[in-house]
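Residues per chain, in single letters:
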Amino acid sequence: MKNLLNFFILPTFIFCSFLQMNDLNIGGSLKDENFSRDKNQIGYLFFKVEKTKSGPEKITLESKKLADGKLKSTPSFDRNSAGIGDFIISLTDANGKEFVKQIVEDPLNQNMESFEKEGISRHKVSTEAAEFSIRYSHSAEIQVVKVEKITNAGNQLLFNQKL
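Because the structure is a prediction, the values reported are computed rather than measured.

Draft legend 1. Structural context of the side chain of Asp106. Along the chain, Asp106 turns up in the loop between β4 (98-104) and β5 (109-116). At 5.6 Å, Lys149 is the nearest oppositely charged side chain to Asp106, a buried residue that forms no salt bridge. If we skip the residues at most four places from it in the chain, Asp106 touches Gly85 and Asp86.

Draft legend 2. Geometry of the pattern of salt bridges. Within the structure shown, the criterion is met by four salt bridges. As a salt-bridge pair, Glu50 and Lys48 come within 3.7 Å of each other at their nearest N and O atoms. Close ionic contact of Glu113 with Arg122 constitutes a salt bridge, the shortest N to O distance being 3.0 Å. We classify Arg122 as exposed; its relative accessible area is 61%.

Draft legend 3. Examining the nonpolar core more closely. Counting residues in each nonpolar core, the largest one holds 20 residues, and the members touching the most others are Leu45, Phe47, Ile59, Phe87, Ile89, Leu91 and Ile134. Counting residues per element, the ones that place at least two in this core are β1 (41-50), β2 (58-68), β3 (87-92), β4, β7 (129-137), β8 (144-151) and β9 (154-162). Contact partners of Phe47, with chain neighbours within four places excluded, come to Ile59, Thr60, Leu61, Glu62, Ala130, Glu131, Phe132, Ile134, Val145, Val147 and Phe159.

Draft legend 4. Broad picture of the sheet that holds β3. Spatially, β4-β3-β8-β9 is the arrangement adopted by the four strands of the open sheet, whose pairing is antiparallel. The two strands at the open ends of the sheet, each matched to only one other strand, are β4 and β9. For this sheet the average axis-to-axis angle between neighbouring strands, irrespective of direction, equals 20 degrees. Taken together, the eight bridges between β8 and β9 define a ladder with antiparallel strand orientation. Looking at β9, one finds that Val144 is bridged to Lys162.

Draft legend 5. View of the side chain of Glu148. With respect to the element layout, Glu148 can be found in strand β8. Lacking a salt bridge, the buried Glu148 has Lys146 as its closest oppositely charged neighbour, with an N-O distance of 4.4 Å. Setting aside residues no more than four positions away along its own chain, Glu148 makes contact with Asp86, Phe87, Ile88, Asn155, Gln156, Leu157 and Leu158.

Draft legend 6. Representation of the environment of Ala140 within the structure. If you trace the backbone, Ala140 turns up in the loop between β7 and β8. Counting along the chain gives 47 residues from Ala140 to Asp93, while the straight-line C-alpha distance between them is 9.0 Å.

Draft legend 7. Focus on the sheet that holds β1. Spatially, the three strands line up as an open sheet ordered β2-β1-β7, and their pairing is antiparallel. The sheet terminates laterally at β2 and β7, the two strands that pair on one side only. Between one strand and the next, the sheet's axes are offset by a mean angle of 20 degrees, whatever the strand orientation. As judged from the nine bridges shared by β1 and β7, these two strands associate in the antiparallel manner. Counterpart to Phe47 in the pairing with β7 is Phe132.

Draft legend 8. The packing of aromatic side chains, seen in detail. All told, the structure shown has four aromatic pairs when counted by the stated rule. Geometrically, the ring pair formed by Phe47 and Phe159 is edge-to-face, given 5.9 Å between the ring centres and 85 degrees between the ring planes. With Phe47 in strand β1 and Phe159 in strand β9, this residue pair connects regions lying 112 residues apart in the sequence. Accessibility expressed as a relative area gives 9% for Phe159, which makes it buried. What links up through ring pairs into an aromatic cluster is the set Phe47, Phe87, Phe132 and Phe159.

Basis of the calculations
- Residues numbered from 1 in each chain as written.
- Predicted model: local features only at pLDDT ≥ 70, side-chain atom pairs only at ≥ 80, totals over all residues.
- Heavy atoms only, no water.
- Helix = DSSP H or I, 4+ residues; strand = E, 2+ residues; numbered from the N terminus.
- Buried < 20%, exposed > 50% of the residue type's maximum accessible area, 1.4 Å probe, protein only.
- Lys, Arg positive; Asp, Glu negative; His and termini not counted.
- Salt bridge = Lys/Arg side-chain N within 4 Å of Asp/Glu carboxyl O.
- Contact = heavy atoms within 4.5 Å.
- Core = buried A, V, L, I, M, F, W, Y, C linked by side-chain atoms within 4.5 Å.
- Pairing = 2+ DSSP bridges.
- Axes fitted to C-alpha atoms, helices over the stretch in contact; angles between N-to-C directions.
- Phe/Tyr/Trp six-rings, centres within 6.5 Å; stacked < 30°, edge-to-face > 60°.

Quick look at the structure:
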């Protein structure tokens, strides 16, 4: 009876383990067709800004990247917390519907910390060129990026590009 039990149970366990291995892909995760369509992704946009002698700053989109994952929190947009010289980055669809709106502190006039005998102090450092980036929860509907600078006279459009 013991031999008969081993004869039927052992092949059953081996067969079931092969069925489970067929559901695994090379990366070791389970296949799920819905997962690839509803995958959470984080988008990164990398910009470069340069001062110009005549007029507004020149902004270029250096690169964009996507990474798997989900943002733990999305920053809330508070126009009152922005100061003169800060940038407002807006991500919209083709019709102008806004998906993401973020504030970036003025990258050309950054606050730097230094250690001195009295302790830590902050200084404002002005540069001719700088880089900045944003991250956001990626959506296939996002098609346009717009960068505006906050000025005394209102918002000034510096950059508008289709992604």
